[in-house]
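A look at the structure
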Amino acid sequence: MQTKTCLECGDKLMGREDKKFCSDGCRNQYNNKLNKDVNNLMRNINHKIRKNYRILNELNQEGKTKTTKNKLISMGFDFQYITSVYQTKTGNTYYFLYDQGYLILENDWYMLVKKDT
């Protein structure tokens, strides 16, 4: 009969026939290693979205204001990371991070808006 070993540390397993790990610690460590790349990618994207949101929220405390592209960039805003896009009937495109958004105007100006929730 073949003895089973823990998928993480290699120790001999005792107990149930379908057991794969010797402890919760080994199971957690194994699954954390397995999901490391996916979790890091998601963590990095969520960090960038949160940072963008904080920047818009800081600049747009009144609910509607204007700012420049240079101001957004100097604060670390990354235009690649948004949560949604809204197209108006008149053809304007608003880019949102949850309830904070912006509309691209002429000459590198941006209209910052806050969606009513």
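Residues numbered from 1 in each chain as written. Predicted model: local features only at pLDDT ≥ 70, side-chain atom pairs only at ≥ 80, totals over all residues. Heavy atoms only, no water.

1. Digging into the overall build of the chain
From N to C terminus, the chain includes 2 helices and 5 strands. Reading the helices (α) and strands (β) of the chain from amino to carboxyl end gives α-β-α-β-β-β-β. By the compact-globule yardstick of 13 Å for 117 residues, the chain is too spread out, its C-alpha radius of gyration being 24 Å. Counting only residues that meet the buried cut, the chain has 23% of its 117 residues in that class. For the chain, the share of sequence-separated contacts (at least 6 apart) that also reach a separation of at least 24 residues comes to 37%. With 20 positive and 13 negative side-chain charges, the chain shows a spacing of 1 Å between the two charge centroids. (Helix = DSSP H or I, 4+ residues; strand = E, 2+ residues; numbered from the N terminus. Rg over C-alpha atoms; globule rule 2.2 N^0.38 Å. Buried < 20%, exposed > 50% of the residue type's maximum accessible area, 1.4 Å probe, protein only. Contact = heavy atoms within 4.5 Å. Lys, Arg positive; Asp, Glu negative; His and termini not counted. Charge placed at Lys NZ, Arg CZ, Asp CG, Glu CD.)

2. Overview of the sheet that holds strand E4 (residues 100–104)
The antiparallel open sheet is built from 5 strands, whose spatial order is E1-E5-E4-E3-E2. Two strands close off the open sheet at either side, each with one partner strand: strand E1 (64–68) and strand E2 (84–87). Neighbour to neighbour, the strand axes of the sheet diverge by 30° on average, direction disregarded. Judged from the 4 bridges that link them, strand E3 (residues 93–97) and E4 form a sheet pairing that is antiparallel. In the sheet register, Tyr 95 faces E4, and the bridge partner there is Tyr 102. (Pairing = 2+ DSSP bridges. Axes fitted to C-alpha atoms, helices over the stretch in contact; angles between N-to-C directions.)

3. Remarks on the side chain of Asn 52
Tracing the backbone through its elements, the reader meets Asn 52 in helix H1 (residues 24–59). If near-sequence neighbours (up to four positions away) are discounted, Asn 52 is found in contact with Gly 76, Phe 77, Asp 78, Tyr 81 and Leu 97.

4. Things to note about the pattern of salt bridges
Scanning the model with the defined rule gives 4 salt bridges in all. Linking Glu 8 and Lys 33 is a salt bridge whose minimum nitrogen-to-oxygen distance equals 2.8 Å. Of the two residues, Glu 8 sits in the segment before H1 while Lys 33 sits in helix H1, which places them 25 residues apart along the sequence. For Lys 33, a relative accessible area of 54% gives the class exposed. In this structure, Lys 114 and Asp 99 form a salt bridge, with 3.8 Å as the shortest nitrogen-oxygen distance. On the criterion of sequence distance, the pair formed by Lys 114 in strand E5 (residues 109–114) and Asp 99 in the loop between E3 and E4 is long-range, its members being 15 residues apart. (Salt bridge = Lys/Arg side-chain N within 4 Å of Asp/Glu carboxyl O.)

5. Structural notes on unusual backbone geometry
With a phi close to 60°, Tyr 98 is a non-glycine residue in the positive phi region. Examined against the element boundaries, Tyr 98 turns out to sit in the loop between E3 and E4. Judged by its relative accessible area of 52%, Tyr 98 is exposed. Although it is not a glycine, Asn 107 sits at a positive phi angle of roughly 55°. Along the polypeptide, Asn 107 turns up in the loop between E4 and E5.

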